[in-house]
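Secondary and tertiary structure notes
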Amino acid sequence: MADHNRPDTTTDEPTRTNFIREIIDEDNRSGRFGQKVHTRFPPEPNGYLHIGHAKAIYIDFSMAELYGGQYNLRFDDTNPAKEEQEYIDGIMNDIHWLGYDWEDRLFFASDYFEQLYQWAVQLIKAGKAYVDDLSADEIREYRGTLTAPGKDSPHRNRSTEENLDLFERMKKGEFEEGACVLRAKIDMASPNINLRDPVMYRILNAEHPRTGNTWHIYPMYDWAHGQSDSIEGVTHSMCSLEYEDHRPLYDWFLDQLGIFHPRQIEFARLRLTYTVLSKRRLIRLVTERHVAGWDDPRMPTLSGMRRRGYPSAAIRAFIDMSGIAKSNSTADIAMLEYCVRQELNKTAPRVMGVIDPLKVVITNYPEGQTEEFDAVNNPEDPDAGTRKVPFSRVLYIEQADFMEDPPKKFYRLSPGREVRLRYAYFIKCEEVIKDAAGNVVELRCTYDPATRGGDSPDGRKVKATLHWVSAAHALSAEVRQYDRLFTVTEPDNVEDGQDFLVNLNTDSLEVRANCYVEPSLAKAEAGNRYQFERLGYFCVDPDTTGDKLVFNRTVTLRDDWAKIQQKTN
């Protein structure tokens, strides 16, 4: 079978217009950037990307592609205390997996440390920045509130000479962390609290992964952000909505320096039901071991979704379907699952696997005989071809496909009833074998040789078709059945004094250790995705070894989103 773990490099353009496209179209008509569109994605290398980041990546990269432009990947590595190469590698891997390539445009904010420093000196010389000795708590106190203006620091009117000297000494590492900071000198009475003399540099005596111990001062994100965009020639700087109030500050910096001025555009973050996307919350889930790690298939991280078996094309389709808007809203996770099913229905090979096995002995089938049936790999893809599935006297079916005393509308196997085995024969249950506790452990059945291939020449019909595996040929497997990590649509919606963890779904993982799958999966590799007929979509987990197959349930066959859509139409 084909390797379904390869990166999906097919990219998608937004299928409908949105306010960002309207802004870019207007800029192109006016000639603001000379018909040029250049975007960037600027992650901090202090964690793993999640589905919310995927929306930002999709917007940044797809907009550039739509207009024949370019996009950069720039790491905002301005806090060496929290950054690790592991995160840099993980972020690059996730972006490539999503189907995007920044080509040779990989940058780091640390590439611009010297230029940022020189620009800070320029602002000091212009009387637009000063060194402040107030503590972090005092700066917060002096800043005022949303309803009350701030007040000037006693150090705000230091001379240019003194500020230059102090800033140089900060750079050389002569002060302890927290002793002083460099602040922009704007307006302590501004109604926008971000303009009340924001901090530009703080002292951090930490070794930087890329610059070593060269620097003892590091730029704040608000200082590095706009200038880094300017250096790279970014025309349209897309940010999530919480940066809208920061835009006047970015504009102020760029205007004071008199350098190229990108246009910032804010969009609403992605919110998802039954999901938390806060980095702090995700860290707690990992560090407190509520999940197995950042790539746990229940996590909303891209590495977790990839391990669960979500195709990158499905994530892109979901983001496009959920839309690009200016106002916050919450997308239903059922819509994401719908996109996953739609993609896997087209691409995932069909196989047979039994998760809760019940032994079936076909008493009139010759002992020691084996035959093979042709099974369709994917009815949605004629080019996927067929495979051989072995059949023998002893089979396994699902426990749930048999009832000794069935209710009226149960059409699967029961004593005296005939059903079809997928691709094979009609069988009839003749005898039920139980253990000492009264549990059904084996069924004795007969088969009709004339029904080979699944149809009866005399025209009789059966109402159920069951999947199965041959006991002599089946491969043992472990199946991890994942469900939503939280039990409520808004996990953060808790009563006073409660924590979001009270909404954890304690049944979000069920491990089935004694499962069986057809032998065609003997060479299945981590990341390969399949539909287990009648059960759902599954992905081979990296824990798979030569002796043990491990599958993660990606999503069930039940389609909640389609049902929701039918009800609303």
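Every chain is numbered on its own, with residues counted from 1 as its sequence reads. Note on the predicted model: pLDDT of at least 70 is required for a residue's local features to be given, and 80 or more for side-chain atom pairs to be given and counted; whole-chain, interface and lining totals, by contrast, use all residues. No hydrogens and no water enter the side-chain calculation; it runs on all heavy atoms of the structure.

1. Re the overall build of the chain
In plain terms, the rule: Helical segments are the DSSP runs of H or I of at least four residues, strand segments are the runs of E of at least two, and each set is numbered from the N terminus. Burial classification: accessible surface area is computed with a 1.4 Å probe over protein chains only, and a residue below 20% of its type maximum counts as buried, one above 50% as exposed, and the rest as partly exposed. We call two residues in contact whenever any of their non-hydrogen atoms come within 4.5 Å of each other. Under this rule, positive means Lys or Arg and negative means Asp or Glu; His and the chain ends count for nothing. The atoms used to mark charge sites are NZ of Lys, CZ of Arg, CG of Asp and CD of Glu.
Within the chain, the secondary structure is distributed over 13 helices and 27 strands. Taken along its principal axes, the extent of the C-alpha atoms in the chain is 100 × 55 × 45 Å. In the chain, which comprises 569 residues, the proportion classed as buried is 53%. Of the contacts formed within the chain by residues at least 6 apart in sequence, a portion of 71% connects residues at least 24 apart. Measuring between centres, the 72 positive side-chain charges of the chain sit 4 Å from its 92 negative side-chain charges.

2. Regarding the side chain of Arg74
Residue position: Arg74 is located in strand S2 (residues 70–75). With relative accessibility at 3%, the residue Arg74 sits in the buried group. Apart from residues lying up to four places away in sequence, Arg74 is in contact with Arg40, Phe41, Pro42, Pro43, Phe107, Phe108, Ala109, Tyr112, His225, Ser228, Asp229 and Glu232.

3. Re the nonpolar core
Filter applied, for reference: Residues enter a nonpolar core if they are buried and are Ala, Val, Leu, Ile, Met, Phe, Trp, Tyr or Cys, with the set joined through side-chain atoms within 4.5 Å.
Counting 52 residues, the largest nonpolar core has Ile20, Ile51, Ile95, Ile315 and Phe318 as the members making the most contacts within it. The set of elements that each furnish at least two residues to this core consists of helix H1 (19–30), helix H2 (51–66), S2, helix H3 (85–98), strand S9 (263–267), helix H10 (302–308), helix H11 (312–322) and helix H12 (333–347). Considering every element that reaches this core, the biggest residue donor is H2, with nine residues. Beyond its immediate stretch of four places on either side in the chain, Ile315 contacts Ile51, Ala54, Trp97, Leu98, Leu302 and Met305. In this structure, Ala120, Ala129, Ala184 and Leu195 belong to the second largest nonpolar core, which totals 32 residues.

4. Considerations on H3
Worth spelling out the cut-off: The span expected for a helix works out to 1.5 Å for each residue beyond the first.
Spanning 14 residues, H3 covers 20 Å between terminal C-alpha atoms, matching the ideal 20 Å at 1.5 Å per step. All of the buried residues along H3 are Tyr87, Ile88, Gly90, Ile91, Met92, Asp94, Ile95, Trp97 and Leu98. Remark: Gly99 follows H3 within two positions and exhibits a positive phi of approximately 110°.

5. A few points about unusual backbone geometry
One non-glycine residue, Tyr274, lies in positive phi territory at about 60°. Relative to the elements of secondary structure, Tyr274 occurs in the loop between strand S10 (271–272) and helix H9 (279–287).

6. A closer look at the pattern of salt bridges
Rules: Between Lys or Arg on one side and Asp or Glu on the other, a salt bridge is scored when a side-chain nitrogen of the former is within 4 Å of a carboxyl oxygen of the latter.
Scanning the entire structure with this criterion turns up 50 salt bridges. We note a salt bridge from Arg307 to Asp295, for which the minimum N-O separation is 3.0 Å. With Arg307 in helix H10 and Asp295 in the loop between H9 and H10, this residue pair connects regions lying twelve residues apart in the sequence. The partner of Glu510 in a salt bridge is Arg512, and the shortest N-O contact between them spans 2.8 Å.

7. Topic: the environment of Phe426
The topology assignment puts Phe426 in strand S19 (residues 426–434). Distance in space between the C-alpha atoms of Phe426 and Arg452 is 7.8 Å, their sequence separation being 26 residues.

8. Regarding empty space enclosed by the protein
Going by this rule: Here a cavity denotes a set of grid points, spaced 1 Å apart and computed over the protein atoms alone, in which a 1.4 Å probe fits but from which it cannot get out, and a pocket denotes an open set meeting protein on both sides within 12 Å along at least five of seven lines; residues with an atom within 4 Å of a point are reported as lining. Grid points are joined across faces, edges and corners, and a volume is the space filled by probe spheres set on the points.
As enumerated under the stated definition, the model contains two cavities of 30 Å³ or more in all. Empty space within the largest cavity amounts to approximately 180 Å³. Lining the largest cavity are 19 residues, and of these Thr275, Arg298, Met299, Arg308 and Ile333 lie nearest its centre. If you list the elements that add at least two residues to the lining of the largest cavity, you get H10 and H12. The element best represented in the lining of the largest cavity is H12, accounting for three residues.

9. Side note on the confidence of the model for the chain
For the record, the criterion: What pLDDT reports is the predictor's confidence in each residue, on a scale of 0 through 100.
Here the chain averages 94 in pLDDT, and 95% of its residues register 70 or above. For residues 1–6, every residue scores under 50 in pLDDT, and the model assigns this stretch 16 contacts once sequence neighbours within four places are set aside.

10. Quick look at the sheet that holds strand S1 (residues 38–41)
Rules: For two strands to be treated as a pair, DSSP must find no fewer than two bridges joining them. Axis definition: a line fitted to C-alpha atoms, limited for helices to the stretch in contact. Angles are taken between N-to-C directions and run from 0 to 180 degrees.
Reading across from one edge, S1-S2-S3 is the order of the three strands in this open sheet, with parallel pairing throughout. The open sheet has two free edges, formed respectively by S1 and strand S3 (106–108), since each of these has just one partner strand. When the angles between neighbouring strand axes are averaged without regard to direction, this sheet yields 35°.

11. A look at H9
Residue pairs three or four apart in sequence face the same way in an α-helix, which turns once every 3.6 residues. Let me state the cut-off plainly: This arc is built from the directions going out from the helix axis to the C-beta atoms.
By the burial criterion, the buried members of H9 are Leu282, Leu285 and Val286. With its buried residues spanning 95° around the axis, H9 presents them on a single face. Those residues of H9 that are exposed and angled more than 90 degrees off the buried face are Arg280 and Thr287. Just beyond H9, the residue with positive phi is Arg289, at close to 60°.

12. With respect to the sheet that holds strand S17 (residues 394–398)
Spatial ordering of the open sheet is given by S21-S18-S19-S20-S14-S17-S22, a layout of seven strands whose pairing is mixed. On the outer flanks of this sheet lie strand S21 (465–466) and strand S22 (469–470), each paired with one strand and no other. By the bridge criterion, five bridges tie strand S14 (residues 357–362) to S17 in an arrangement that is antiparallel. Along S17, the bridge assignment pairs Val360 with Leu395.

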